[in-house]
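The chain contents come next:
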Amino acid sequence: MRIGTLKESYVADAALFDSRTQHVWLAIGAAALCLFPFLANDYWLYLACLVAINVASSAGLNILTGYTGLVSLGQAAFMGLGAYTVAILQLRWGTPLALNLLAAGVVAMLGGIVVGVPSLRVKGLYLAIVTIAATFIAHFLFANFDFTGGTTGLSMRPARVFGTDLDTSFRLYWLIVPVTVLMLFGAANLFRTRIGRAFIAIRDRDISAEVLGIALLRYKLLSFGLSSFYAGVAGGLFAYFFRVITPESFPLSMSIFFLAAIIVGGMGSTLGSILGAAFMTMVPELLKLIFDLLPGGADLTVFLAPVRLVIFGLLIIVFLVFEPLGLAEMWRRTRRFFHLWPFRN
Amino acid sequence: MDWGYLFEVSLTGVMGGGLYALAGLAFVMVYKATRVVNLAIGEMLMAGGYLFFTFAAMWALPLWLAIPAAVLASGVLGAVIEQCMIRPLLGEPPISAFMVTIGLGSVLVGLVEMIWSADQRRLPDFMPTQAITIGEAFLAPKVFWGAVIAAVFIAAVLLVFRYWRGGVALRATASDQAAAYAVGINVPRVFSLSWVVSAMLAAVSGIIVGSIGGISSSMGVFGLTVLVVVIVGGLDSVLGALVAGLLVGLVEGLAGGYLGGEYKLLATFIVLVFILMVRPYGLFGTHEIERL
């Protein structure tokens with residue numbers, strides 16, 4: 001039982017993981033992630049990959065919206081940029097996987113920086129609407145250019161690593177999950193650096209941040225760029241995972257999904273990105289499960305999609321009204337309870 | 001250059017813009033009073049359209065009863081939304097309320113699909129069907145009469161809020177909440193009022209939009225254009241909503257007429273980005289002065 005932490009140096013205080021308990025849990029988590037594919041069936045592996053992709057993208061959006069305070073409804077557009085980059089690179093030039101993913105991130109990052117340019121002049125809600133424009137403009141570009149395959153989109157070959165085709169969920173798991181874990185560590189580490197702290201300062205009060213010597217435009221663009229880089233890589237993974245991408249794969253509702261995921265998970269928290277994305281991805285599946293169990297389930301399947309929409313909306317509303325800090329805060333409260341037990345917190 | 005065609009396309013666009021202006025007015029009303037950006041405005045429009053459909057087509061009420069009933073029911077919906085979702089978020093950052101309305105939009109679409117299914121439906125006709133000609137230009141009668149109704153409503157709203165006590169209270173609250181409180185205006189009541197009126201206006205535009213193009217659960221897309229309209233006009237400006245409504249309608253008409261239907265939304269969003277780069281607070285929005 002851990003009841004407190006003793007820090008003896010600034011380095012210890014700023015450490016990413018500050019206690020033995022955390023190290024132990026991290027090791028357990030890593031072991032669980034490694035063992036999971038051998039124990040789970042195809043359906044769960046499919047779901048795990050999907051969750052991992054969404055976690056990666058949510059972590060990116062959380063950098064922008066949760067930490068820098070710039071609300072964006074354009075995440076799907078950047079994922080689309082990444083996905084199309086991967087698809088085009090693979091189909092045209094057959095470049096290797098690692099390069100494709102990196103290129104996906106970089107292309108999306110450039111797109112993000114372009115969309116971020118108005119962010120110095122335009123703030124808050126105005127900016128949110130501008131990013132909606134990004135989604136529509138991206139959709140239009142995907143649908144109307146020859147090399148993106150127009151409205152029919154592109155179909156890809158499976159990713160190939162060391163002569164092995166990544167064509168099952170089991171194999172893709174070993175690509176998607178490690179990349180996501182790596183990106184999560186990157187995000188968590190970011191906020192121990194000057195850049196991450198500048199982001200937080202901008203979120204808390206941008207004018208004060210500027211007075212303190214943070215170049216607003218530079219850091220806002222950097223935040224947009226980093227966030228879209230994450231989205232781009234996630235989009236690249238998405239392309240390898242589904243292998244078919246069309247302009248319709250990246251609708252506005254997808255951007256809303258990611259925003260909802262970080263609201264429900266917890267804004268400005270890496271744990272929040274994980275919990276939120278996992279939760280929001282699992283809820284529809286859970287609903288499907290419940291529908292299957294209900295008597296006369298076959299007649300009810302027409303209601304599945306609308307019920308999902310309603311639940312999705314209700315989750316956003318309920319979390320914002322009753323738990324604005326999200327699942328991450330609930331987790332922290334639970335942890336605090338056990339730390340302080342048997343005392344009241 | 002076919003000037004007749006240009007005139008016809010522009011006229012149709014501007015008339016369609018009248019509907020944007022009406023829906024934009026519904027949006028601005030809420031924003032001015034409560035500082036909530038209502039992203040669900042399109043879905044509220046849709047709700048109004050479906051309520052009218054229920055009363056007029058399913059329950060077969062006469063039109064003079066069905067329309068007011070739908071509008072009143074939408075008003076109730078507005079009051080419920082305000083009480084359950086917006087009131088608890090008073091004092092929270094504006095982004096929270098904005099996101100709640102995103103959730104609301106999703107809930108409304110889901111409910112509509114659950115109750116009425118996702119199929120497109122036709123509203124009963126209630127407008128004259130004789131084609132309208134202005135000079136050389138032919139206009140679809142529904143578009144013309146829709147624009148006329150929208151114009152009448154806009155004028156009525158402007159007059160009401162100029163002279164009616166409730167309207168004065170609303171304007172007072174919008175310009176200074178604390179001062180409005182101090183002179184005895186019941187500010188929370190004004191908040192509810194603004195949502196009720198906004199929902200009713202949205203219902204009216206929903207009924208018109210629905211009777212022009214039919215109603216479906218994807219009608220909320222109309223709301224995106226309305227959003228562009230109010231941002232271009234400046235969020236808190238009634239005049240801005242009217243001007244931008246006509247402007248965006250015109251741009252959309254021209255883009256649709258000369259480039260094709262898929263360019264409509266793209267053109268409006270390009271106008272949006274362009275105007276925001278030049279005037280970050282829209283054409284007529286208040287430039288907020290920020291201090292530390």
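Just so you know, these numbers come straight off a predicted model, no measurement behind them.

Peer 1: Please provide a residue-by-residue account of the overall build of chain B, values included.
Peer 2: Along its length, chain B carries 11 helices and 2 strands. Start at the N end of chain B and walk to the C end: the helices and strands fall as α-α-α-α-β-β-α-α-α-α-α-α-α. Taken against the 2.2 N^0.38 rule, which gives 19 Å for 292 residues, the C-alpha radius of gyration of chain B at 19 Å falls within 12% of a compact globule. Along the first, second and third principal axes, the C-alpha atoms of chain B reach 55 × 50 × 35 Å.

Peer 1: Requested: an account of the overall build of chain A, with residues and values cited.
Peer 2: Helix and strand counts for chain A stand at 15 helices and 4 strands. Against the compact-globule benchmark of 20 Å for 345 residues, chain A has a radius of gyration of 21 Å, which places it among compact chains. If one aligns the C-alpha atoms of chain A with their principal axes, the spans along those axes are about 60 × 55 × 45 Å. Out of the 345 residues in chain A, the part that is buried amounts to 50%. Across chain A, contacts joining residues at least 24 apart in sequence account for 76% of those joining residues at least 6 apart. Averaging the locations of the 24 positively and 16 negatively charged side chains of chain A gives two centres separated by 8 Å.

Peer 1: How would you sum up helix H12 (residues 270–293) of chain A? Please name residues and give values.
Peer 2: Residue and element names in this part refer to chain A. Along its 24 residues, H12 runs 35 Å from first to last C-alpha, staying within 8% of the 34 Å computed at 1.5 Å per residue. A maximum bend of about 30° is found in H12 at Val283, where proline Pro284 lies one to four positions downstream. The complete set of buried residues in H12 reads Thr270, Gly272, Ser273, Gly276, Ala277, Met280, Thr281, Val283, Glu285, Leu287 and Phe291. Where H12 begins, one side-chain oxygen reaches toward the backbone nitrogen of Leu271, 3.4 Å away; that side chain belongs to Ser269.

Peer 1: Can you explain the interface of chain A and chain B? Please cite residues and give values.
Peer 2: The interface is formed by 41 residues belonging to chain A together with 45 residues belonging to chain B. For the chain A and chain B pair, buried surface summed over both sides reaches about 3,700 Å², with 83% attributable to carbon and sulfur atoms. Counting across the chain A and chain B interface gives 0 salt bridges. The tally of links between chain A and chain B comes to 1 residue pair in polar contact (both at pLDDT 80 or more). Those elements giving two or more residues to the side of chain A that touches chain B turn out to be helix H6 (124–144), helix H9 (206–211), helix H11 (252–265) and helix H14 (304–322) of chain A.

Peer 1: Help me get a handle on helix H7 (residues 169–190) of chain A, residues and values and all.
Peer 2: The end-to-end C-alpha separation of H7 of chain A is 30 Å, in line with the 32 Å expected for 22 residues at 1.5 Å each. Ser169, Leu172, Tyr173, Leu175, Ile176, Val177, Thr180, Met183, Leu184, Ala187 and Leu190 of chain A are the residues of H7 of chain A that are buried.

Peer 1: Got a sec to walk through the packing of helix H9 (residues 221–233) of chain B against helix H11 (residues 263–278) of chain B? Specific residues and values, please.
Peer 2: All names here are of chain B. Their axes nearest at 9 Å, the elements H9 and H11 cross at an angle of 25°. It follows from the interaxial angle that H9 and H11 lie roughly parallel. Along this stretch, H9 crosses H11, giving a crossing that reads as left-handed. Mapping the contact onto sequence places Val221, Thr225, Val228, Ile231 and Val232 in H9 and Leu265, Thr268, Phe269, Val271, Leu272, Ile275 and Leu276 in H11. By residue class, the composition of the contact of H9 with H11 is 10 nonpolar, 2 polar and no charged.

Peer 1: Give a description of the UniProt feature "transmembrane region" (unreviewed entry) in chain B that names residues and reports values.
Peer 2: Residues and elements named next belong to chain B. UniProt annotation of "transmembrane region" (unreviewed entry) refers to residues 6–29, 36–57, 63–85, 97–118, 143–161, 193–215, 221–251 and 263–282 when read in the numbering used here. For residues 143–161, helix accounts for 100% and strand for 0%, while the C-alpha atoms at its two ends are 27 Å apart. The distance from the first to the last C-alpha atom of residues 263–282 is 22 Å, and the span holds 80% helix and 0% strand.

Peer 1: An account of a nonpolar patch on the surface is needed here, citing residue identities and associated values.
Peer 2: Residues and elements named next belong to chain A. Taken together, Tyr43, Trp44, Tyr46, Phe242 and Met282 make up a surface patch of nonpolar side chains, about 430 Å² in accessible area. With 3 residues, helix H3 (residues 42–67) is the single largest residue contributor to the nonpolar patch. Judged by relative accessible area, Met282 falls into the partly exposed class, the value being 32%.

Peer 1: Help me get a handle on the environment of Val168 of chain B, residues and values and all.
Peer 2: Residues and elements named next belong to chain B. As for its position among the elements, Val168 is in helix H6 (residues 165–175). Along the sequence, Val168 and Ile185 sit 17 residues apart, while their C-alpha atoms lie 9.9 Å from each other. For Val168, the residues in contact, after removing those within four places along its chain, are Phe161 and Arg162.

Peer 1: An account of the side chain of Ser58 of chain A is requested, with residue identities and associated values reported.
Peer 2: With respect to the secondary-structure elements, Ser58 of chain A resides in helix H3. Exposure remark for Ser58 of chain A: the relative accessible area of 0% places this residue in the buried category.

Peer 1: Could you give me a rundown of the packing of aromatic side chains, with the residues and numbers involved?
Peer 2: Two numbers describe a pair of aromatic rings. These are the distance of the centres and the angle of the planes. Residues and elements named next belong to chain A. What the rule picks out here adds up to 26 aromatic pairs over all chains. Ring geometry for Phe238 against Phe250: centres 5.2 Å apart, planes inclined by 50°, an arrangement best described as tilted. Here Phe238 is found in helix H10 (residues 216–242), whereas its partner Phe250 is found in the loop between strand E4 (244–245) and H11, with 12 residues between them in sequence. We classify Phe238 as buried; its relative accessible area is 11%.

Peer 1: A description of the packing of helix H4 (residues 75–93) of chain A against H10 of chain A should follow, citing residues and the corresponding values.
Peer 2: All names here are of chain A. Packing of H4 against H10 leaves a shortest axis separation of 7 Å and a crossing angle of 50°. Comparing the axis directions of H4 and H10 gives the class oblique. Our pair here, H4 against H10, has a crossing hand that is right-handed. Here Gln75, Phe78, Met79, Gly82, Ala83, Val86 and Gln90 of H4 lie close against H10, whose contacting residues are Ser227, Ser228, Ala231, Gly232, Ala234, Gly235, Gly236, Phe238, Ala239 and Tyr240. Here the residues of the contact of H4 with H10 sort into 9 nonpolar, 8 polar and no charged.

Peer 1: Lay out the nonpolar core with the relevant residues and their values.
Peer 2: Met79, Tyr240, Ile245 and Phe250 of chain A together with Phe27, Phe98 and Leu272 of chain B are the most contacted members of the largest nonpolar core, which has 190 residues in total. No other element matches the 14 residues that H3 of chain A contributes to this core. With residues near it in sequence (within four places) discarded, Phe250 of chain A still touches Ala76, Met79, Gly80, Ala83, Tyr84, Thr135, Phe238 and Ile245 of chain A.

Peer 1: Provide a residue-level description of the pattern of salt bridges, including the pertinent values.
Peer 2: Applying the stated criterion to the full structure yields 6 salt bridges over all chains. A salt bridge links Glu323 of chain A to Arg333 of chain A, with the nearest nitrogen and oxygen atoms 2.8 Å apart. Taken together, the residues span a long stretch of sequence, with Glu323 of chain A in the loop between H14 and helix H15 (326–340) and Arg333 of chain A in helix H15 at a distance of 10 residues. Given a relative accessible area of 13%, Glu323 of chain A falls into the buried group. By relative accessible area, which is 36% here, Arg333 of chain A ends up partly exposed. For Arg87 of chain B, the salt bridge goes to Glu82 of chain B, with nearest N and O atoms at 3.1 Å.

Conventions and cut-offs
Residues numbered from 1 in each chain as written. Chains lettered and ligands numbered in written order. Predicted model: local features only at pLDDT ≥ 70, side-chain atom pairs only at ≥ 80, totals over all residues. Heavy atoms only, no water. Helix = DSSP H or I, 4+ residues; strand = E, 2+ residues; numbered from the N terminus. Rg over C-alpha atoms; globule rule 2.2 N^0.38 Å. Buried < 20%, exposed > 50% of the residue type's maximum accessible area, 1.4 Å probe, protein only. Contact = heavy atoms within 4.5 Å. Lys, Arg positive; Asp, Glu negative; His and termini not counted. Charge placed at Lys NZ, Arg CZ, Asp CG, Glu CD. Expected span 1.5 Å × (residues − 1). Bend = angle between axes of the 7 residues up to and from the residue. Polar contact = N/O pair within 3.5 Å; in protein donor to acceptor, adjacent residues only side chain to side chain. Buried area = accessible area lost by both parts, 1.4 Å probe. Salt bridge = Lys/Arg side-chain N within 4 Å of Asp/Glu carboxyl O. Axes fitted to C-alpha atoms, helices over the stretch in contact; angles between N-to-C directions. Parallel < 35°, antiparallel > 145°, perpendicular 65-115°, else oblique. Left-handed = near helix turned anticlockwise from the far one by under 90°. Nonpolar A, V, L, I, M, F, W, Y, C, P; charged D, E, K, R; others polar. UniProt positions renumbered as here; feature names shortened; annotations may be inferred. Patch = residues over 30% accessible without salt bridge, like charges linked within 9 Å, V, L, I, M, F, W, Y side chains within 5 Å. Areas by Shrake-Rupley, 256 points an atom, 1.4 Å probe, with all protein chains shown as cover. Phe/Tyr/Trp six-rings, centres within 6.5 Å; stacked < 30°, edge-to-face > 60°. Core = buried A, V, L, I, M, F, W, Y, C linked by side-chain atoms within 4.5 Å.

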